[in-house]
Amino acid sequence: MQELAGTLLQPRSAERCDIAPRALLQIADDGRIAAAGPGPVKAGKTLGGPGCWIIPGFIDAHLHLPQWDRRGIDGLSLLDWQERVVFPAEARFRDAALAEKLTEDFVTGLIAHGTTTVAAFGSPFAEATDRSFKVFARRGFRAVFGQTLNDVDCPPGLCQEADEALDESRALAARWHGAENGRLNYAFSPRMPNSCSDKLMRGAAALAKMLKCYVQTHVAESAAEVHAVRQRFPDNVDDVDVFAETGLLTPRTLLGHGVFLDRNQRRQVAEAGTALVHCPTANQFLESGLMDYVAHRAAGIRIALGSSVAGGYELFMPQVAVACLNTAKTVKVHAMPRRSYTVPSPAEAWWLLTRGAAEALGMADRIGALEPGFDADLLVVRPEPWIAGLPTEQQASALLYTLKPQHIEHVFIAGKRVSK
Ligand code: GUN
């Protein structure tokens, strides 16, 4: 049994984030939370203590491992950036040893930023993808991960034959889906409709269904990308229709971005039970557009947040959540009439970072909450001390906007301390 002491931050719903000062959290030997509630705090082996807060670990539901060391390369829009930055970065992963080294950096960096769960894309190389899974397993990280699939309109070194790509992905899924007591899961990862053949998309959908795996892909990220999809699939209404027809629009699917989803597409995504991953920092960085978060939520879509590294430069998920709020404020300022628009609250931001994201990933019975029975994926942080002196209803907001990675003292995943 391990004991942590501090103020508990407990996101309960999109509307409610509870704060419990002077609390104690116990982690059982099976890595789950045994108890979380009022003290008493004893001196001794307890981690944390006065000045510390205990918060659920952050969930980053959309990013690209091979782009780890390509953050912050500005001045290009999505499709040009893909050609100039993304494809060369991914081509390096033919070298599996390099992929392994970068995976170590990726895990170290994310843990230092308080991220305890990711849904991430790999490269099109099976050996590199396998090595990354091995690193996740060894480091105790929690990940949904998969080999990126593309077989048309990408550089020759990255384009695969559909059959080969599907065979490799199937073998990876058989090896890793549900591994490490369910901490690791496989995502069939067709990059996006304009770089995948019909055969590849249908094959990925069929395998994901058969093996009960995730699917992750990109949707309606930029105007140019939407246009390119229309050109390639003239018989389909739009990209959501392409996914629906090929079987990729499922309750286990994570759609990245969705900046340009219209009202009908939002309804279709919500009805399919498909989750959307909002990536506000990347949408701004690549000048893709402003996603209307409030409209997506109102349509009933399950939403998580993604750093979208390296389209996004920001690793620290609270700042991605702040960008979500700022994007919603910008949309509101430009909305007519302004009064009809409600910006999400800081409590909703905390929920999106933790429990809401767990719901989007179908893991809400396991992670995202500081409650007995949940896996102990959590952070001990020491934020600026004045926050604790604010009226309780202001604390979650102040913590969201001012928390920094250097305030993180300990990171636990499934009850194991994974920080240095
Ligand atoms: N769409 C297809 N591939 C990518 C990628 O690597 N990053 C982003 N942001 N969008 C994409």
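It should be emphasised that the depicted structure is a prediction, and the values quoted were computed from it without experimental measurement.

## Here's the deal with the site of the ligand
Looking at the ligand, the residues that line it are H64, L78, Q82, V86, R191, M192, H218, E221, A282, S308 and G311. When residues of the shell around the ligand are assigned to their parent elements, the largest contribution, three residues, is made by helix α1 (residues 78-91). Here the shell around the ligand is composed, by residue class, of four nonpolar, five polar and two charged.

## A closer look at the domain arrangement of the protein
Segmentation of the protein into domains returns domain 1 (2-56 + 368-417) and domain 2 (58-334). Between the C-alpha centres of domain 1 and domain 2 there is a distance of 30 Å. At the junction of the two partners, domain 1 supplies twelve residues and domain 2 supplies 15 residues. At the level of secondary structure, the elements contributing two or more residues to the side of domain 1 that touches domain 2 comprise α15 (392-402) and β15 (408-413). With three residues, the top contributor of residues to the side of domain 1 that touches domain 2 is β15.

## So, the nonpolar core
Ranked by internal contacts, the top residues of the largest apolar core, which has 134 residues, are A304 and L305. Per-element tally for this core: the top contributor is helix α12 (residues 317-334), with seven residues. There are two domains that each give this core at least three residues, and those are domain 1 (2-56 + 368-417) and domain 2 (58-334).

## Let's talk about the packing of α12 against helix α13 (residues 346-353)
Contact geometry for α12 and α13: axes closest at 10 Å, N-to-C directions at 130°. It follows that α12 is oblique to α13 by the angle criterion. Crossing handedness for the pair α12 and α13: right-handed. Along its contact with α12, which presents M317, P318, A321, C324 and L325, the element α13 presents A349, L352 and L353. Residue composition of the contact of α12 with α13, grouped by class: eight nonpolar, no polar and no charged.

## A closer look at the packing of α13 against α15
Direction vectors running N to C along α13 and α15 enclose 60°, while the axes themselves pass 8 Å from each other. Compared by their axis directions, α13 and α15 come out oblique. Here α13 and α15 pass one another in a crossing that is left-handed. Across the interface between the two elements, P346, A347, A349 and W350 of α13 pack against A396, S397 and L400 of α15. Its residues assigned to classes, the contact of α13 with α15 comprises six nonpolar, one polar and no charged.

## Re the sheet that holds strand β1 (residues 2-11)
With mixed pairing, seven strands are arranged side by side in an open sheet as β3-β2-β1-β4-β14-β15-β16. Strands at the two margins of the open sheet, each flanked by one partner only, are β3 (33-38) and β16 (416-417). By the bridge criterion, nine bridges tie β1 to strand β2 (residues 17-27) in an arrangement that is antiparallel. Each residue of the ladder has a partner; that of L4, found in β2, is L25.

## Some details on the pairing of strand β12 (residues 275-278)
Side chains of β12 alternate between two faces, with A275 and V277 and L276 and H278 buried alike. Pairing of strand β11 (residues 253-257) with β12 involves three bridges; the strand directions are parallel. The residue of β12 that forms the bridge with G256 is V277. A crossover links β11 with its parallel partner β12, the connecting element being helix α9 (residues 263-272), and its sense is right-handed. The pairing of β12 with strand β13 (residues 302-305) spans four bridges and is classified as parallel. Its bridge partner being in β13, V277 is matched across the sheet by A304.

Procedures and definitions
Residues numbered from 1 in each chain as written. Predicted model: local features only at pLDDT ≥ 70, side-chain atom pairs only at ≥ 80, totals over all residues. Near = placed C-beta within 6 Å. Helix = DSSP H or I, 4+ residues; strand = E, 2+ residues; numbered from the N terminus. Nonpolar A, V, L, I, M, F, W, Y, C, P; charged D, E, K, R; others polar. Domains from an automatic or database assignment. Contact = placed C-beta atoms within 7 Å. Core = buried A, V, L, I, M, F, W, Y, C linked by C-beta atoms within 7 Å. Buried ≥ 20, exposed ≤ 12 C-beta atoms within 10 Å, placed from the backbone. Axes fitted to C-alpha atoms, helices over the stretch in contact; angles between N-to-C directions. Parallel < 35°, antiparallel > 145°, perpendicular 65-115°, else oblique. Left-handed = near helix turned anticlockwise from the far one by under 90°. Pairing = 2+ DSSP bridges. Right-handed = clockwise from strand over helix to strand, strands pointing away.

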